[in-house]
Amino acid sequence: MTRFLTTLALLLATPALAQLEPQPRPDDEAVPPAPLPPPELESPPELIAGADPIYPPEAQAAGRGGDVVLRIVIDDEGLVERLDVVQSAGVDLDWAALGAATNFVFAPAMFCVYARPTDPGAPPDAAPEKRCGTPGKVAIDYKTSFQVTEQNVEVPVEPVDERTLVEGMLNF
């Protein structure tokens, strides 16, 4: 009888002991997909509308000039979203440059982005698909030079040192 009870106890305890050991779960075997590559700049923004800043008469009369560098954040539709003065040439010249840049319109920057394949039959480790022609938000540094000449006032405007914003700031 003792032997029977011992055997019965072992038979009943075996499934309970097996449950105490860690069992493999299906999600433990799944390997997370590799991170996608960052977006690549396909084409930078291009100024398509805007006027040169008006040279402040007081600065012109005083013979003051200089370079104002603005950081312009351009949204994915090509509109100015934010302006910051990176290099100042004096408050009046800064305001003149800011006033002009407020009305700038750009052709938006275009990016090539990577995405996971949308085909349901694609393996989980399939290479990401590259999709170009996606507009994106960017920041550029834009320089305006105020120069006094003997006969007239020149206010050339030229883009310099472009930067992009995609989940933070990326230099290119």
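Scroll up a little and you will see the structure.
What comes next concerns the included structure. Quick caveat, the model's predicted, so the values are computed rather than measured.

Cut-off values and rules
Within every chain, residues take consecutive numbers counted from 1 along the sequence as written. Where local features are concerned, this predicted model is filtered to residues with pLDDT of at least 70; where side-chain atom pairs are given and counted, the filter is 80 or more; whole-chain, interface and lining totals use all residues. Water and hydrogen atoms play no part in the side-chain values, which are based on all heavy atoms of the structure. When DSSP finds two or more bridges between a pair of strands, those strands are recorded as paired. Strands here are runs of E lasting at least two residues and helices are runs of H or I lasting at least four, both read from the DSSP assignment and numbered beginning at the N terminus. Helix axes are fitted to C-alpha atoms over the stretch in contact, other axes to C-alpha atoms as well, and angles between N-to-C directions run from 0 to 180 degrees. To qualify as a nonpolar core, a set must consist of buried Ala, Val, Leu, Ile, Met, Phe, Trp, Tyr and Cys residues joined through side-chain atoms within 4.5 Å. The cut-offs for exposure are 20% and 50% of the maximum accessible area for each residue type, with area from a 1.4 Å probe on protein chains only; residues under the lower value are buried, those over the upper are exposed, and the others partly exposed. Should any heavy atoms of two residues lie within 4.5 Å, those residues are considered in contact. In this tally, Asp and Glu contribute negative charge and Lys and Arg positive charge; neither His nor the terminal groups of the chain are included. For salt bridges, the criterion is a side-chain nitrogen of Lys or Arg within 4 Å of an Asp or Glu carboxyl oxygen. Working definition: a disulfide is two cysteine sulfur atoms within 2.5 Å of each other.

What about the sheet that holds strand β6 (residues 109-115)?
One open sheet accounts for three strands, arranged β1-β6-β7; its pairing is antiparallel. Because the sheet does not close on itself, it has two edges, and the strands there are β1 (40-43) and β7 (129-136). Adjacent strand axes in the sheet meet at a mean angle of 35 degrees, parallel and antiparallel pairs treated alike. The pairing of β6 with β7 spans six bridges and is antiparallel. When the sheet's bridge partners are listed, A109 is paired in β7 with G136.

As for the nonpolar core
With 20 residues, the main nonpolar core has V68, L70, I72, L93, F106 and F146 as its most contacted residues. Among the secondary structure elements, those contributing two or more residues to this core are β3 (66-74), α4 (91-101), β6 and β8 (138-148). With sequence-adjacent residues up to four places away left out, F106 is seen in contact with P45, E46, L47, I48, I72, I74, E77, G78, V80, I140 and Y142.

Notes on the side chain of D94
With respect to the secondary-structure elements, D94 resides in helix α4. Salt bridges are absent for the buried D94, whose nearest opposite-charge side chain, R64, sits at 8.4 Å.

Re the pattern of salt bridges
Applying the stated criterion across every chain yields a total of seven salt bridges. As a salt-bridge pair, R71 and D141 come within 2.7 Å of each other at their nearest N and O atoms. Of this pair, R71 sits in strand β3 while D141 sits in strand β8, and the two are 70 residues apart along the sequence. Judged by its relative accessible area of 22%, R71 falls in the partly exposed class.

Focus on the state of the cysteines
Using the criterion set out here, one finds one disulfide in the structure. A sulfur-sulfur distance of 2.0 Å marks the disulfide that ties C112 to C132. Around the S-S axis, the bridge from C112 to C132 shows a dihedral of about 105 degrees and counts as right-handed. Taken together, the residues span a long stretch of sequence, with C112 in strand β6 and C132 in strand β7 at a distance of 20 residues. By relative accessible area, which is 42% here, C132 ends up partly exposed.

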